[in-house]
Number of protein chains: 2
Amino acid sequence: MIYLDHNATTPIAPEVREAMLPYLGDKWGNPSSSYRFGSQLRRVLESARAQVAELIGTSPREILFTSCGTESNNAAIHAALKANPLKRHIVTSAVEHSSVLNYCQALEKNGYRVTYLPVDCDGLLKLADLENAITENTAIVSLMWANNETGVLFPVREIAELCRSRGVLYHCDAVQAVGKLPTNLCDLPADYLSLTGHKLHAPKGIGALYVRRKTPFSPFIHGGHQERGLRGGTENVALIVALGKAAELARKQLPGYDAKVRPLRDALERGILGHPHNRPADTISPTGGDGRDAVAGIPGTELNGHPELRLANTTNITFHGIESEALLLLLDQEGVCASSGSACLADSDEPSHVVKAMKPDTGASRQMIRFSLGTETAPAQIELTLAGLRRAVKALRT
Amino acid sequence: MIYLDHNATTPIAPEVREAMLPYLGDKWGNPSSSYRFGSQLRRVLESARAQVAELIGTSPREILFTSCGTESNNAAIHAALKANPLKRHIVTSAVEHSSVLNYCQALEKNGYRVTYLPVDCDGLLKLADLENAITENTAIVSLMWANNETGVLFPVREIAELCRSRGVLYHCDAVQAVGKLPTNLCDLPADYLSLTGHKLHAPKGIGALYVRRKTPFSPFIHGGHQERGLRGGTENVALIVALGKAAELARKQLPGYDAKVRPLRDALERGILGHPHNRPADTISPTGGDGRDAVAGIPGTELNGHPELRLANTTNITFHGIESEALLLLLDQEGVCASSGSACLADSDEPSHVVKAMKPDTGASRQMIRFSLGTETAPAQIELTLAGLRRAVKALRT
């Protein structure tokens, strides 16, 4: 199997599994209990909280554990609205994850107004659009860091500073960024930041939400005194330990991440797009003439997303005239795992809302494939993927 | 260690651990993915859903996976309110779990009216009170089946039938009942029913919500298409498998549960209360004269909760003149794990809201201990607990 879908989920690291197993074995107590068998687990939770905090440059008191990135995203927006009951306006973008978009759509039915900022054909946001969208009535700005489908990066630092200068709370969905980009909340004045374990080699079912000190927060899930009363529900001890360990590993691997992943992603991209790129001439000028040998590539392909302002591991490519699902099926038969956008929406017949927002008048959103690499991706896998892709495209076009 | 706190959490069954481990190992795909490595996990989720459904006598289509019982309780109430936007009244009781009470209190701040039904000194509810509380404006009745602190049972079938006859949605918090009492939703016309894995020998971090066919439901956590679009967030595959296996085990063990657990609970209770019981004469007549030998018991003790209408595994006892926390500390030193009420509130200085609602004018709520047994509790452990208790009480009273 050649797994090129790391933005959907990642393999569980052996060290992570090792770290969590005792809490699925002998150490099964309830951390809220007063006897030692239970209460000694509080230390374990705090140690995991410190590991997560260290990965993103915060203090442990600013980390809440949640059940997933989706809950984190919902909880941040919910908290900002509760803190500003008179403000009934939310600013987000057209290319956010469904956990932000669908929550915003539900809030619209509840009397909130939502501005969905557009992106250009490269997936980039105009800061001026954000500036114009914020009003006296805006309770929160929720804009992601790295897009899950294209890897395109929003200028979160500028966004955060703009929000701060306008006195508006800012939530950053960093689910795809954390572990792939250095994250330091000392430098990034976001109020809320979401992350999830299963994009970081921890299991599915655990996430975290950063809430800046003094930023208002009220519970999204109401219950007992867990998480200082801010998130009810008996703590998911084993998966919290797993997330902590995964955060520690991610922090250690981060300095080498880009150098490991980017060359392979670029080789894959060159092999598909050819070199110089066969992007439409009216979109961007060819990147050729840099001394690299010309590569033929696969005809009728087009990159979706800005060539540079992107995660190092992600490429999103339209194969003109080929339905995504047909190509994915053949790739699966070739042993290649890729996707046609967010796994969270994979079973829908809808075209990608992200690519549609970038290129509304083309078929690009129904004919695209996302490849997302990981640190365990090997050069030989890229060669095999390119060979499989060429066979599959040829079969589908003849 | 003598673990008598099964209402707080339970040991993870070896079969459950065995069943889930592959999904923390090689089978780490995302079930929403289109390639087989991911999509084959959908079968696994559906098989777990069927196991949970079978435990409570429903169809798998009526089961949603959540992150915990707290989320299930919040989600059920939220769904009923969304379905009836003009109805702004909720009926619950004074002795519910914090996940219902704290959510209701938050809703009160949002303009909802909440009726908290009282209980009598045995922890029982008067159906007439419920009947009188329901109005044209009532959106939902949320009443638990088995109380987590006392084990006292509410007449859920009568409650469900009453709600149905009045056209009001009924949510049953069955977190403490499922696996301890036969549960068959063909006979129990509840609209929503909550359960959680970690009371059933699965790990913490996974729950489920039953939503009756045709009962309105809208998402509490908004995100992707997981759980038929009704609960966003990438599926917690490993813990869902664990919950399924735990449900299967619970179903198999249920016929023998009462006979295994009740005699030991009764022996513990007799050893503490003495026989005939030394309950206050004005509360209930002594249960003596049944031919059993008189047992001296520990002086100054009093049962909290109805002697018969209770879970087989739970006993809640006031030790007059002794602070709960002091006694728990000595019990811990004796190797006995018990609690002073809900683990979810264990770190608070508040007296038990459950015992306070039953006996408002006494110190019972600050001087009580809950013992909750499990199927692995052994007779010798009861003897050791009684000996330890006698030593601890003696030390604290002299």
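Please read all numbers here as calculations on a predicted model, not as lab measurements. (Residues numbered from 1 in each chain as written. Chains lettered and ligands numbered in written order. Predicted model: local features only at pLDDT ≥ 70, side-chain atom pairs only at ≥ 80, totals over all residues. Heavy atoms only, no water.)

Asker: Outline the domain arrangement of chain A, supporting the account with residue identities and numerical values.
Answerer: Note: interface size is frequently given as the accessible area lost on complex formation between the parts. Residue and element names in this part refer to chain A. With domains assigned, chain A is organised as domain 1 (14-250) and domain 2 (253-397). A straight line from the C-alpha centre of domain 1 to that of domain 2 covers 29 Å. In this complex, domain 1 contributes 28 residues to the contact, which on the side of domain 2 involves 28 residues. The contact between domain 1 and domain 2 buries some 2,400 Å² in all, and 60% of this surface belongs to carbon and sulfur atoms. Contact with domain 2 buries area across many residues of domain 1, yet Glu-149, Thr-150 and Lys-180 alone supply 29% of it, more than any other trio. Where domain 1 meets domain 2, there are 10 residue pairs in polar contact (both at pLDDT 80 or more). When residues of the side of domain 1 that touches domain 2 are traced back to their parent elements, those giving at least two are α5 (98-109) and α8 (237-273). (Domains from an automatic or database assignment. Contact = heavy atoms within 4.5 Å. Buried area = accessible area lost by both parts, 1.4 Å probe. Polar contact = N/O pair within 3.5 Å; in protein donor to acceptor, adjacent residues only side chain to side chain. Helix = DSSP H or I, 4+ residues; strand = E, 2+ residues; numbered from the N terminus.)

Asker: Could you give me a rundown of the interface of chain A and chain B, with the residues and numbers involved?
Answerer: Contact with chain A, which involves 66 residues of that partner, is made by 66 residues of chain B. Where chain A touches chain B, the interface holds two salt bridges. One salt bridge connects Asp332(A) with Arg36(B), and the closest N-O pair in it is separated by 3.2 Å. There are 24 residue pairs in polar contact (both at pLDDT 80 or more) connecting chain A and chain B. Breaking the side of chain A that touches chain B down by element, the ones donating at least two residues are α1 (14-20), α2 (36-39), α4 (69-83), α5, α8 and α9 (324-333) of chain A. (Salt bridge = Lys/Arg side-chain N within 4 Å of Asp/Glu carboxyl O.)

Asker: Requested: an account of the layout of surface pockets, with residues and values cited.
Answerer: Gaps left between atoms are located by rolling a probe of water-molecule size over the structure's atoms. Here the largest pocket defines a volume of roughly 1,400 Å³. Surrounding the largest pocket, 39 residues form its lining, His78(A), Lys82(A), Asn110(A), Lys82(B) and Asn110(B) being those nearest its centre. Counting residues per element, the ones that place at least two in the lining of the largest pocket are α4 and α5 of chain A together with α4 (69-83) and α5 (98-109) of chain B. The class makeup of the residues in the lining of the largest pocket is 16 nonpolar, 17 polar and six charged. (1 Å grid on protein atoms, 1.4 Å probe; cavity = no way out; pocket = protein on both sides within 12 Å on 5 of 7 lines; lining within 4 Å. Points joined across faces, edges and corners; volume = space filled by probe spheres on them. Nonpolar A, V, L, I, M, F, W, Y, C, P; charged D, E, K, R; others polar.)

Asker: Could you give an account of the sheet that holds strand β6 (residues 169-173) of chain A, with specific residues and numbers?
Answerer: Residues and elements named next belong to chain A. Spatial strand order, β2-β8-β7-β6-β5-β3-β4: seven strands in an open sheet with mixed pairing. Looking at strand neighbours, the two that pair on one side only are β2 (63-66) and β4 (113-117), the edges of this open sheet. Strand-to-strand twist in this sheet, taken as the mean axis angle between neighbours without regard to direction, amounts to 20°. With five bridges connecting them, strand β7 (residues 192-196) and strand β8 (residues 207-211) associate as antiparallel partners. Paired with Leu-195 across the strands is Ala-208, a residue of β8. (Pairing = 2+ DSSP bridges. Axes fitted to C-alpha atoms, helices over the stretch in contact; angles between N-to-C directions.)

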